[in-house]
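# Survey of secondary and tertiary structure
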Amino acid sequence: SKEDHENATKKAFMTSPEKLPLEKDFKENFEKIKKIKNVEIFVITSRTDDMLEHLQNYLKYHKIYVDGIINTNNKNKAEVLKKINADIFVEDSPFKLWQILKEDPDLPCKLILYRNLQNKNEKKPSKEVIEVNGWEELKNFILAYKSF
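First, a word on what this report is: a plain description of the structure on this page. (Residues numbered from 1 in each chain as written. Predicted model: local features only at pLDDT ≥ 70, side-chain atom pairs only at ≥ 80, totals over all residues. Heavy atoms only, no water.)

## What to know about helix 3 (residues 52-61)
Within helix 3, the full set of buried residues consists of L52, H54, L55, Y58 and L59. The buried side chains of helix 3 occupy one side of the element, clustering within an arc of 160 degrees when seen end-on. With respect to the buried face of helix 3, the exposed residues turned more than 90 degrees away are E53 and K60. Among the structural elements, helix 1 (2-14), strand 1 (42-45) and strand 2 (68-71) are those in contact with the buried residues of helix 3. Following helix 3 by one or two positions, K63 has its phi on the positive side, about 55 degrees. (Buried < 20%, exposed > 50% of the residue type's maximum accessible area, 1.4 Å probe, protein only. Helix = DSSP H or I, 4+ residues; strand = E, 2+ residues; numbered from the N terminus. Arc of directions from axis to C-beta. Contact = heavy atoms within 4.5 Å.)

See the structure below:
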């Protein structure tokens, strides 16, 4: 049910950082992405405001440093992507990518679907969306894209 989904999402977003490990190969590939010239990394989240402190604590606990956190508070992320002039946007929710495409089908930003266990069976929202499987593949895509 929608209520069960909301409760599970809140629990996942609010669990203590030490109980939420980083994904395999994340840290080393994230650090390599951060070192790419002219790359800024923002977390664009659609959490509710009461979940933001947890996100900040999670990033701090795992020593993940980003250039900014932007919260849409459960709203479409297309407007934020335009405001920050994003080149690449990585999202693990096919539904949220679909929302972005619906809001602004001509958004000049590469949309990437990061595949994981939770979304592995969900349909890709558009043929324009690029799929990556794992942090190594994501890093390689960004390196190739930024070299042009």
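## Here we look at the packing of aromatic side chains
A complete count under the given rule lists five aromatic pairs for this structure. Seen from their ring centres, F26 and F30 are 5.0 Å apart, and the 25 degrees between their planes marks the pair as stacked. Of this pair, F26 and F30 both sit in helix 2 (residues 26-34), four residues apart, which is roughly one turn of that helix. Residue F26 is classed as buried on the basis of its relative accessible area, which comes to 10%. On the basis of an interplanar angle of 40 degrees and a centroid distance of 5.1 Å, the ring pair of Y114 and W135 is categorised as tilted. (Phe/Tyr/Trp six-rings, centres within 6.5 Å; stacked < 30°, edge-to-face > 60°.)

## What about the pattern of salt bridges?
Any two side chains of opposite charge can pair, so long as their charged atoms come close to each other. On inspection of all chains with the given rule, the structure shows nine salt bridges. Notably, a salt bridge pairs K82 with D104, separated by 3.3 Å at the nearest N-O pair. In this pair, K82 sits in helix 4 (residues 78-83) while D104 sits in the loop between helix 5 (94-103) and strand 4 (110-115), placing the two residues 22 residues apart along the sequence. Residue D87 is joined to K146 by a salt bridge in which the shortest nitrogen-to-oxygen separation is 3.0 Å. Note that D87 is positioned in the loop between helix 4 and strand 3 (88-91) and K146 in helix 6 (residues 135-146), a separation of 59 residues in sequence. Among the residues examined, K146 registers a relative accessible area of 27% and is labelled partly exposed. (Salt bridge = Lys/Arg side-chain N within 4 Å of Asp/Glu carboxyl O.)

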